[in-house]
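# Geometric and topological summary
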Amino acid sequence: MSLEPQQQPTFHRGSFADEIETARTDLARKLLVSESSATSPSESETAPSLSPTASATPSSPESDAAVSPISPPVDDELVADSFAFAFDIDGVLVRGGRPIPEAIQAMKVLNGENKYGIKVPYIFLTNGGGKTEAERCSDLSRQLDIEISPAQFICGHTPMSEMANKYNTVLVVGGEGEKCRTVAQGYGFKDVVTPGDIIKANAATTPFRKLTDEELRNSKERDFSKVTIEAIFVFADSRDWAGDLQIILDLAMSKGGRIGTLSETFDEGPPIFFSHNDVVWSAAHDNVRLGMGALRGIVEYTFKEVTKGKTLQTHAFGKPQIGTFEFATRLLKRWRKNAHGLNAPPNTVYFVGDTPESDIRGTNQYNEKAENDWYSILVKTGVYQDGTEPAYKPRVTVDTVLDAVNHGIEREMEKRKKNQPQKPRLTDMPKLSLEEAQDLAVFSPAEERPVELSA
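Just so we're clear, the structure is a prediction, and the values are computed from it rather than from any experiment.

## Some details on the overall build of the protein chain
Scanning the protein chain for helices and strands turns up 12 helices and 18 strands. Here the protein chain holds 455 residues, and the buried ones make up 44% of them. In the protein chain, of all internal contacts separated by at least 6 residues, the share reaching a separation of at least 24 is 72%. Only carbon and sulfur atoms are counted for the fraction: they give 50% of the accessible area of the protein chain, which is about 23,800 Å².

Here's what the structure looks like:
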């Protein structure tokens, strides 16, 4: 008996292996597109993610899969949102007022001229000062041939701005001319006194320093019998160590900050703040030069000698002080949000410095308490002398700032590769042959013919 079904199935022989190969290809294609189910990386080795600039939206697994660290997309401008850089300036980017050759290229790499086509956020954290942040940025922009904003720049005295509401009348020491007075007033300090003001009121204050005509014009007329100095801020390196030392000691030994008085207990003077504590720094000279930390040490030593053993407790901002790194963290957060649209903090901050005692020490100490990873990099273009053992060991030592930038970026990209979801592959599929399988039939719409069923 022969039956003809209403719907006629079809079959063909000899194409089973072709069908399997097609299925294998289709399945692999679908798996490559849907990678989002992979396990996320661990917290300590979070892979860097790349986000389009001006977008605060976190990257998704789909977008990460589309962004290869080797072949970045051409249409969108990308910014690395899981890492950033922070730089010291003297001895790292600039030396003696001139840019270190590799520094210009390093900035270009951070601004997108790299094989990944990404921009990396960065800030500057220097112990130097004596000028407004805007003026320092203008100088550095010219030296490095880039545009630098005060919003990404910290001088040694920048954190002192947060004390403007605490003290009314303050003595500001250091720097050129009236620049530090201008800086302090810009921070909001209401009544700013300089050593020049004090010398103008009483020339006998500093027997070996006489004010120039310009200094006499710029110094303010004050009746210091009616003035109380509430705090002393050393904003920048002194241009007259002897004169500034004398005035600081006079106030340290005074009754409550009143000039011309002398305390009987030598513990009534105003607090003294130094913008940093670097004993030496890298300038144009082949050897390091004395810095503000040396003046601080002399002030404390001389006070002890003059008062017959009393101890003077002074305070320092700048690196390696934890407070300065906390200030830098807040500044970096604002800069990433305002300039790049990134709301989340970076997982890693690469800090590049040349001084083990301040840059590396501060970075390592702050890393112990910071919520993210502060990664210290020491360069050989400044204070640190190649071949010596640094007092505080960095995570890595490199030759130049360009090497530091490349090291950080490549480290992040390697982390990304390791933690990127692996594309599933079909392996060990059986090889099928129909040469000996004559009784098999595969149904397919390609060919149709009636099937004869015998009862």
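## Some thoughts on the pairing of strand β3 (residues 83–87)
Counting buried residues along β3, five of its five residues qualify, which places the element largely inside the surrounding structure. Side chains F83, F85 and F87 project from β3 onto one buried face, and the interleaved A84 and A86 project onto a second face that is buried too. The pairing of β3 with strand β16 (residues 348–353) spans five bridges and is parallel. Counterpart to A84 in the pairing with β16 is V349. Taken together, the three bridges between β3 and strand β7 (residues 122–125) define a ladder with parallel strand orientation. Residue A86 lies in a different strand from β7, and its bridge partner there is I123.

## Description of the side chain of K319
On the secondary structure map, K319 appears in the loop between β15 (315–316) and α10 (322–340). Within polar-contact distance, the side chain of K319 engages the backbone oxygen of L125 at 3.0 Å. Contact partners of K319, with chain neighbours within four places excluded, come to D88, L125, T126, N127, N277, D278, T324, F325, F351, S358 and D359.

## Considering helix α8 (residues 241–252)
With 12 residues, α8 should cover 16 Å at 1.5 Å per step; its first-to-last C-alpha distance of 16 Å lies within 8% of that length. Buried within α8 are the following residues: G243, D244, L245, I247, I248, L249, L251 and A252. In this fold, the buried residues of α8 make contact with β9 (169–173), α6 (195–201), β11 (231–234), β12 (272–274) and α9 (292–306).

## Here's the deal with the sheet that holds β12
Strand pairing in a sheet relies on backbone hydrogen bonds, with the paired strands running either antiparallel or parallel. On the basis of which strands lie adjacent, the open sheet formed by five strands has the order β10-β9-β11-β12-β15 and parallel pairing. Among the strands making up the open sheet, the edge pair consists of β10 (191–193) and β15. Two elements, β9 and β10, share three bridges in a ladder whose sense is parallel. Residue pairing for β10: V170 is matched across the bridge by V192. Sheet strands in contact with α8 are β9, β11 and β12, and its direction is about 150° off that of β9. α9 contacts β11, β12 and β15 of the sheet and is inclined by roughly 155° relative to β12.

## Digging into the environment of F208
For F208, the position within the fold is in the loop between α6 and α7 (213–218). Residues F208 and G243 lie 35 residues apart in sequence; the distance between their C-alpha atoms is 7.6 Å.

## Details of the packing of aromatic side chains
Scanning the model with the defined rule gives 19 aromatic pairs in all. A centroid spacing of 5.8 Å and a plane angle of 25° characterise the contact between F325 and Y366, whose relative ring orientation is stacked. Placement of the pair is F325 in helix α10 and Y366 in helix α11 (residues 356–369), with a sequence separation of 41 residues. Among the residues examined, F325 registers a relative accessible area of 0% and is labelled buried.

## Things to note about the sheet that holds β3
Ordered by their spatial adjacency, six strands build an open sheet running β8-β7-β3-β16-β17-β18, and the pairing between neighbours is parallel. Here the strands that pair on one side only, and so sit at the sheet edges, are β8 (153–154) and β18 (396–398). Most of the contacts of α11 go to strand β17 (residues 373–379), to which it runs at about 165°, and overall it touches β16 and β17.

## Topic: the nonpolar core
Membership of the largest hydrophobic core comes to 40 residues, with the highest contact counts inside it found for F85, F87, L93, M107, F124, V352 and I409. Take this core: its biggest share by element is six residues, from helix α12 (residues 401–419). In terms of nonpolar packing, the next biggest core, distinct from the first, is built from 25 residues, V193, I198, V234 and A252 among them.

## Some remarks on the packing of α10 against α11
It is at 9 Å that the axes of α10 and α11 come closest, and there the two elements cross at 70°. With respect to α11, the element α10 is oriented roughly perpendicular. Judged by residue contacts, I322, F325, E326 and T329 of α10 engage D359, G362, T363, Q365, Y366 and K369 from α11. Considering only residue class, the contact of α10 with α11 consists of three nonpolar, four polar and three charged.

## Focus: helix α5 (residues 179–187)
Taken together, the buried positions of α5 are C180, R181, V183, A184 and Y187. Relative to the axis of α5, the buried residues are bounded by an arc of 160° and lie together on one face.

## Structural notes on the pattern of salt bridges
Counting across every chain of the model gives 25 salt bridges. Across the pair E135 and K179 runs a salt bridge whose closest N-O atoms are separated by 3.1 Å. Highlighted residues: E135 in helix α4 (residues 133–144) and K179 in helix α5, separated in sequence by 44 residues. Note that D197 is salt-bridged to R181, the shortest N-O span being 2.9 Å. In this pair, D197 is assigned in helix α6 and R181 in helix α5, connecting sequence segments 16 residues apart. Among the ionic contacts, a cluster of salt bridges with common partners joins E135, E176, K179 and R239.

## Considering the packing of helix α3 (residues 101–110) against α12
Closest axis-to-axis distance for the α3/α12 pair is 7 Å, and the angle between their directions is 25°. In terms of their interaxial angle, α3 and α12 are classed as roughly parallel. Contacts between α3 and α12 involve E102, A103, Q105, A106, V109 and L110 from the first element and V401, L402, V405, N406 and I409 from the second. Grouping the constituent residues of the contact of α3 with α12 by class yields eight nonpolar, two polar and one charged.

Definitions and limits used
Residues numbered from 1 in each chain as written. Predicted model: local features only at pLDDT ≥ 70, side-chain atom pairs only at ≥ 80, totals over all residues. Heavy atoms only, no water. Helix = DSSP H or I, 4+ residues; strand = E, 2+ residues; numbered from the N terminus. Buried < 20%, exposed > 50% of the residue type's maximum accessible area, 1.4 Å probe, protein only. Contact = heavy atoms within 4.5 Å. Areas by Shrake-Rupley, 256 points an atom, 1.4 Å probe, with all protein chains shown as cover. Pairing = 2+ DSSP bridges. Polar contact = N/O pair within 3.5 Å; in protein donor to acceptor, adjacent residues only side chain to side chain. Expected span 1.5 Å × (residues − 1). Axes fitted to C-alpha atoms, helices over the stretch in contact; angles between N-to-C directions. Phe/Tyr/Trp six-rings, centres within 6.5 Å; stacked < 30°, edge-to-face > 60°. Core = buried A, V, L, I, M, F, W, Y, C linked by side-chain atoms within 4.5 Å. Parallel < 35°, antiparallel > 145°, perpendicular 65-115°, else oblique. Nonpolar A, V, L, I, M, F, W, Y, C, P; charged D, E, K, R; others polar. Arc of directions from axis to C-beta. Salt bridge = Lys/Arg side-chain N within 4 Å of Asp/Glu carboxyl O.

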